[in-house]
Amino acid sequence: MEASNAVIKLVKVYKIYTMGRQEIRAVNNVSLSVNSGEFISIMGPSGSGKTTLLNLIGCLDRPTKGKVFLDGVNVSSLNDIALTGIRRDKIGFVFQQFNLIPTLNAIENVELPMIFKGIEKQKREMRAKKLLELVGMEDKAAHRPAEMSGGEQQRIAIARALANNPAIILADEPTGNLDSKTGRDIMELLKDLNMKGRTIIVVTHDPVVAEYSERIIRIKDGKLDVS
């Protein structure tokens, strides 16, 4: 898919791992464009390469071959310092395991990305409070992760993903550790963020989750399944 307003573009991307004499093509000649403001689901069975693909889009990994463009910039050619800046400023990550810092309370977890960006304490506290209100967790500001349910932790994780106001949210199985009702609540929250203009990409194996997206990309054995 070609698009003049593509915020993400992959051109003939490969991610190849070598195990002994065996070559594993986790991502195999993938070309893909994602428009600004789209909501996309990447679906595929376990081991299909969907998380590897998300990691390449999110600058968490580099392609073995091919190019990844973000806002027109070839990020596959950037050094580690530049990639760290892109992840910090342009992308928010939401994970299946929540990945909250257990020793920090909710508001401190949300503030953390802003500390790395050098935002002063008063401003980041104000923004963290607003983000907790946005995800309906303002009453949990002083609670640590162990004192919250899975759904509450995931809402905090989404607030943290929004800390530096990224245009893109990447979510890897965001409902995988949640019951079905809580999972629907999380997907409604992501859908609302999309309606406000953010680009959302969700990796999932769950067709119910995929129904929230505008477009479903299927991957099998590292290749996009166009059948």
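One structure accompanies this document, and this report is about it.

Rules behind the numbers
- Residues numbered from 1 in each chain as written.
- Predicted model: local features only at pLDDT ≥ 70, side-chain atom pairs only at ≥ 80, totals over all residues.
- Heavy atoms only, no water.
- Helix = DSSP H or I, 4+ residues; strand = E, 2+ residues; numbered from the N terminus.
- Rg over C-alpha atoms; globule rule 2.2 N^0.38 Å.
- Buried < 20%, exposed > 50% of the residue type's maximum accessible area, 1.4 Å probe, protein only.
- Contact = heavy atoms within 4.5 Å.
- Phe/Tyr/Trp six-rings, centres within 6.5 Å; stacked < 30°, edge-to-face > 60°.
- Lys NZ or Arg CZ within 6 Å of the ring centre and 35° of its normal.
- Pairing = 2+ DSSP bridges.
- Axes fitted to C-alpha atoms, helices over the stretch in contact; angles between N-to-C directions.
- Core = buried A, V, L, I, M, F, W, Y, C linked by side-chain atoms within 4.5 Å.

**Here's the deal with the overall build of the protein**
- Helices and strands together make up the secondary structure of the protein, namely seven helices and ten strands.
- A globule of 227 residues ought to have a C-alpha radius of gyration of about 17 Å, and the protein, at 18 Å, matches this closely.
- With respect to the three principal axes, the spread of C-alpha positions in the protein is 50 × 40 × 40 Å.
- The buried share of the protein, taken over its 227 residues, is 48%.
- Of all intrachain contacts in the protein linking residues separated by at least 6 positions in sequence, the fraction that spans at least 24 positions is 72%.

**Quick word on the packing of aromatic side chains**
- Going through the model one piece at a time under the given rule, you end up with one aromatic pair.
- Ring centres 6.1 Å apart and planes at 10° place the aromatic pair Phe 93 and Phe 95 in the stacked group.
- Of the residues examined, Phe 93 reaches a relative accessible area of 16% and is grouped as buried.
- The exposure class assigned to Phe 95 is partly exposed, which follows from its relative accessible area of 27%.
- The cationic tip of Lys 65 hangs over the ring face of Tyr 14; the distance from NZ or CZ to the ring centre is 4.4 Å.

**Brief notes about the sheet that holds strand S1 (residues 6-19)**
- The antiparallel open sheet is built from four strands, whose spatial order is S2-S1-S4-S5. On the outer flanks of this sheet lie strand S2 (22-35) and strand S5 (73-74), each paired with one strand and no other.
- Bridge analysis of S1 against S2 gives ten bridges, and the strand direction is antiparallel. What sits directly across from Met 19, in S2, is Gln 22.
- In the packing of helix H1 (residues 50-57) onto the sheet, the strands contacted are S1, S2 and strand S4 (65-70), and the crossing angle to S1 comes to about 125°.

**Side note on the environment of Leu 131**
- On the secondary structure map, Leu 131 appears in helix H4 (residues 121-134).
- Here Leu 131 falls in the buried class, since its relative accessible area comes to 5%.
- In sequence terms Leu 131 and Ile 156 are 25 residues apart; their C-alpha atoms lie 8.7 Å from each other.
- Among residues more than four places away in sequence, those in contact with Leu 131 are Val 110, Ala 159, Leu 162 and Ala 163.

**Re the nonpolar core**
- Counting residues in hydrophobic clusters, the biggest one holds 33 residues, and the most contacted among them are Ile 156, Ile 158, Leu 190 and Val 202.
- At the level of elements, helix H3 (106-116), H4, helix H5 (150-161), strand S7 (168-172), helix H6 (180-195) and strand S8 (199-204) are the ones that each hand at least two residues to this core.
- Discounting chain neighbours no more than four positions away, the residues touching Ile 158 are Val 94, Val 135, Ile 186, Leu 189, Leu 190 and Leu 193.
- In terms of nonpolar packing, the next biggest core, distinct from the first, is built from 28 residues, Leu 10, Leu 54, Leu 70 and Ile 201 among them.

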